[in-house]
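Structure at a glance
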Amino acid sequence: MERTTVISPADVEQQLEHCRAVARLTAQWAQKPLAFVDTYGCQQNEADSERIRGYLARMGFGFTDSEEEARIIVINTCAIREHAEQRVFGNVGALVHVKRRHPDTLICLCGCMVQQPHAAQRLRESYRHVDLVFGPHALWKFPEMIRTLLTQRGRLFSVQDEAGSIAEGIPVARQDRIKAWVSIMYGCNNFCAYCVVPYVRGRERSRKPEDILAEVERLVGEGYKDITLLGQNVNSYGKDLEKPVDFAALLEAVNAIPGDFLIRFMTSHPKDATQRLFETMARCGKVAPVLHLPFQAGNDRVLQVMNRRHTRAEYLEKIQAVRALIPDIVLTSDIIVGFPGETTEEFEDTLKVLEEVRFDALFTFIYSPRAGTPAAQMDDPMPREEKLANFNRLTALQDRISEEKHAAYVGRTVRCLIDGRSDDERYDLTARTPGNRLVRINGDPSALGQFRDVSITGANKWSLFGELV
Ligand code: 5AD
Ligand code: SF4
């Protein structure tokens, strides 16, 4: 296994010194220093962007949604599917005009996409208006790289294949005042055959429990109500620590922090989700009754070729076990349609799992080949139309189930967290059930951040509608 590099507090302090040096520079600019940060992909990327913003704030930057106004543009990219990559290349291509109008604007790309050799090379050769490219491993050095670019001419690429690192003490500028992401570990050791994550984010490495607990305590003290513990595979948390501890023990310790708040976590791998975890979830009052447990495919042959290391029966046993302890648990999952070699008959086993489990919601994807992964080398004879037809059958079935599950809430009163303003103009606010289902309600924004009883009056396949009691 690659060794984890622990970035020393002195090294992080040096980055903060670079921030102060940049702040002295930006203080002399005629225009207000503004930055634009755009994020693609998963919550881990959202959490990384909050650290980039934290650094930028220390460098004296404010934030804007306008690429024209910004002196620094950061695009935090995703590599999970080709579509995500095409969108990034399209948007970065369009920035050539911004760069022409404002040659001083620094254009920076980071995240999983740029850590792939083919993408880094394409940026180097064909996107010459991009000034800085750095992978997830180099995020902690962002201030130093910005300082270099502001004081010297040239482009900077930091996408070496380094061992994964862990750095504590990077400032975080959070986007929300009610919900917070807390990364508890980075990387993945599973190498599912279709997935690029282990290649771009490196091996699993866990933060120390005391660092995590201190961060959650601070967040609760600041009034955060909804804390999500993040990792590619949280169920293997702690195995790499000097003093090994498991995820269930961490949950228990977070649960013991005083205060009125909810604990969520993602993502769990079925092969590592244990009875001990389910018992801990059931016992810990602050742990939300929700489990995101991706199963990807319902057919055992396909699961094996995917290198998932669990069978359909083992998956269903875990679902039964968690339901026995937490009967009304909200269950969600990820599914891939059209993995190389999956026949329509095998795909129908996925539909059977849906009928059997009746998930509350699903994240469904059509398989997308990723360079460097084993699946990209496999024969993939099924025509795209057939994959699409299967995908549509899957979403139609889940839509029906989601609608039925949502309809069962109508008439109930549920204690919800009022968490945001509604983008649907017929409603003022959004709220979340403990299982994280979306509820639209009317009410005064002063209720934001409060746990309140909501009477559920309506539902469709996407969300619930209700009234404050
Ligand atoms: N193609 C399609 N979906 C993928 N996922 C991961 N890699 C791929 C791929 N190459 C999906 C999986 C994973 C989710 C985050 O993205 O379902 O759980
Ligand atoms: Fe990718 Fe599998 Fe790791 Fe999830 S567990 S990040 S799907 S390799």
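Fair warning: this is a prediction, and the values are worked out from it, not measured in the lab.

1. Considerations on the domain arrangement of the protein chain
By the assigned domains, the protein chain splits into domain 1 (5-165), domain 2 (176-287), domain 3 (289-407) and domain 4 (413-468). Summarising the inter-unit geometry, the C-alpha centres of domain 2 and domain 4 are found 26 Å apart. For the pair domain 2 and domain 4, the summed buried surface comes to about 760 Å²; carbon and sulfur atoms form 58% of the total. Of all residues in domain 2, Ile178, Lys179 and Arg264 bury the most surface against domain 4, accounting for 55% of the area lost on that side. Where domain 2 touches domain 4, the interface holds two salt bridges. Two residues, Asp419 and Lys179, come together in a salt bridge whose shortest N-O distance is 2.7 Å. Among the residues forming the side of domain 2 that touches domain 4, the class breakdown is three nonpolar, no polar and five charged.

2. Let's talk about the site of ligand 1
If you check the shell around ligand 1, you find Ile80, Arg81, Tyr194, Gln296, Asp334, Ile336, Phe365, Ile366, Tyr367, Ser368 and Arg370 and nothing else. Interatomic distance of 3.1 Å between a side-chain N/O atom of Arg81 and an oxygen atom of ligand 1. Asp334 places a polar side-chain atom, nitrogen or oxygen, 2.6 Å from an oxygen atom of ligand 1. When the free accessible area of ligand 1 is taken as 400 Å², the share hidden by the protein chains comes to 86%. Among the elements of the structure, strand E15 (330-337) and strand E16 (361-366) are those that each provide at least two residues to the shell around ligand 1. Classifying every residue of the shell around ligand 1 by side-chain character gives six nonpolar, two polar and three charged.

3. Observations concerning empty space enclosed by the protein
Scanning the model with the defined rule gives two cavities of 30 Å³ or more in all. Considering only enclosed or pocket space, the largest cavity measures out at about 160 Å³ in volume. Ranked by residues supplied to the lining of the largest cavity, first place goes to strand E8 (residues 165-167) with three residues. Residue composition of the lining of the largest cavity, by class: seven nonpolar, three polar and four charged. Two domains each provide a minimum of three residues to the lining of the largest cavity, namely domain 1 (5-165) and domain 2 (176-287).

4. Some words on the packing of helix H12 (residues 344-357) against helix H13 (residues 384-407)
Two numbers describe how H12 lies on H13: the axes approach to 10 Å, and their chain directions differ by 10 degrees. Here H12 lies roughly parallel to H13, going by the angle between them. Along the contact surface, H12 presents Thr344, Phe347, Glu348, Thr350, Leu351, Leu354 and Glu355, while H13 presents Glu386, Asn390, Arg393, Leu394, Leu397, Gln398, Arg400 and Ile401. Looking at the contact of H12 with H13 residue by residue, the class counts come to six nonpolar, four polar and five charged.

5. Topic: helix H2 (residues 43-58)
Owing to its 3.6 residues per turn, the α-helix brings residues three or four apart onto one side. Taking 1.5 Å of rise per residue, the 16 residues of H2 would be expected to cover 22 Å, and the 23 Å separating its terminal C-alpha atoms lies within 8% of that figure. Burial analysis of H2 places 12 of its 16 residues in the buried class, which makes it a mostly covered element. Every buried residue belonging to H2 is among Gln44, Asn45, Ala47, Asp48, Ser49, Glu50, Arg51, Ile52, Arg53, Gly54, Tyr55 and Leu56, and all of these are buried. A positive backbone phi angle near 95 degrees is found at Gly60, which sits one or two residues after H2.

6. Re the nonpolar core
Within the largest apolar cluster, 53 residues are counted, with the highest numbers of intra-cluster contacts made by Val216, Leu229, Phe247 and Met281. When residues are assigned to domains, this core turns out to be shared by domain 2 (176-287) and domain 3 (289-407), each giving three or more. Contacts of Leu229, omitting those with residues within four sequence positions, involve Val182, Ile184, Val216, Val234, Phe247, Leu250, Leu251, Val254, Ile263, Arg264, Phe265 and Met266.

7. A few points about the side chain of Thr280
In this structure, Thr280 sits in helix H9 (residues 275-283). Overall, the relative accessible area of 1% leaves Thr280 in the buried class.

8. Focus on the sheet that holds strand E18 (residues 429-432)
Read around the closed barrel, the five strands follow the order E17-E18-E19-E21-E20; overall the barrel is mixed. Adjacent strand axes in the sheet meet at a mean angle of 50 degrees, parallel and antiparallel pairs treated alike. As defined by bridge partners, E18 adjoins strand E19 (residues 438-442) across four bridges and the pair is classed as antiparallel. Paired with Leu429 across the bridge in E19 is Ile441.

9. Notes on the pairing of strand E17 (residues 413-421)
Where E17 lies against strand E20 (residues 451-459), five bridges are found, and the strand directions are antiparallel. The partner of Val414 across the bridge, within E20, is Val454. Two strands pair when backbone bridges link them, and E17 and E18 are joined in this way by four bridges, in the antiparallel orientation. Looking at E18, one finds that Arg421 is bridged to Leu429.

10. Points about the site of ligand 2
Taken together, Cys188, Asn190, Phe191, Cys192, Tyr194, Cys195, Val197, Pro198, Gln232, His269 and Arg308 make up the full set of residues near ligand 2. Residues belonging to the shell around ligand 2 are distributed by class as follows: seven nonpolar, three polar and one charged.

11. Let's talk about the sheet that holds strand E2 (residues 34-39)
Across the sheet, which stays open at both edges, the six strands sit in the order E3-E2-E4-E5-E6-E7 with parallel pairing between neighbours. Of all strands in the sheet, those with a lone pairing partner are strand E3 (62-63) and strand E7 (156-158), marking the two edges. Contacts from helix H3 (residues 82-101) reach strand E4 (72-77) and strand E5 (106-111) within the one sheet, and its direction differs from that of E4 by about 170 degrees. Contacts from helix H5 (residues 142-151) reach E4, E5, strand E6 (132-134) and E7, with the element oriented near 160 degrees to E6.

12. Remarks on H12
An ideal rise of 1.5 Å per residue puts 20 Å on 14 residues; H12 measures up with 20 Å between its terminal C-alpha atoms. Residues of H12 that are buried in the fold lie against helix H10 (300-305), helix H11 (312-325), E15, E16 and H13. Following H12 by one or two positions, Arg358 has its phi on the positive side, about 55 degrees.

13. Considerations on unusual backbone geometry
Residue Met266 is joined to Thr267 through a cis peptide bond whose omega torsion reads 5 degrees. Positive phi, close to 60 degrees, is recorded for Asn307, a residue that is not glycine. Within the secondary structure, Asn307 sits in the loop between H10 and H11. Classification of Asn307 as partly exposed rests on a relative accessible area of 28%. The residue Asn436 is not glycine, and still its phi comes out positive at about 75 degrees. Its location among the elements puts Asn436 in the loop between E18 and E19. Exposure remark for Asn436: the relative accessible area of 26% places this residue in the partly exposed category.

The rules behind each value
Residues numbered from 1 in each chain as written. Chains lettered and ligands numbered in written order. Predicted model: local features only at pLDDT ≥ 70, side-chain atom pairs only at ≥ 80, totals over all residues. Heavy atoms only, no water. Domains from an automatic or database assignment. Buried area = accessible area lost by both parts, 1.4 Å probe. Salt bridge = Lys/Arg side-chain N within 4 Å of Asp/Glu carboxyl O. Nonpolar A, V, L, I, M, F, W, Y, C, P; charged D, E, K, R; others polar. Near = heavy atom within 4 Å. Polar contact = N/O pair within 3.5 Å; in protein donor to acceptor, adjacent residues only side chain to side chain. Areas by Shrake-Rupley, 256 points an atom, 1.4 Å probe, with all protein chains shown as cover. Helix = DSSP H or I, 4+ residues; strand = E, 2+ residues; numbered from the N terminus. 1 Å grid on protein atoms, 1.4 Å probe; cavity = no way out; pocket = protein on both sides within 12 Å on 5 of 7 lines; lining within 4 Å. Points joined across faces, edges and corners; volume = space filled by probe spheres on them. Axes fitted to C-alpha atoms, helices over the stretch in contact; angles between N-to-C directions. Parallel < 35°, antiparallel > 145°, perpendicular 65-115°, else oblique. Contact = heavy atoms within 4.5 Å. Expected span 1.5 Å × (residues − 1). Buried < 20%, exposed > 50% of the residue type's maximum accessible area, 1.4 Å probe, protein only. Core = buried A, V, L, I, M, F, W, Y, C linked by side-chain atoms within 4.5 Å. Pairing = 2+ DSSP bridges.

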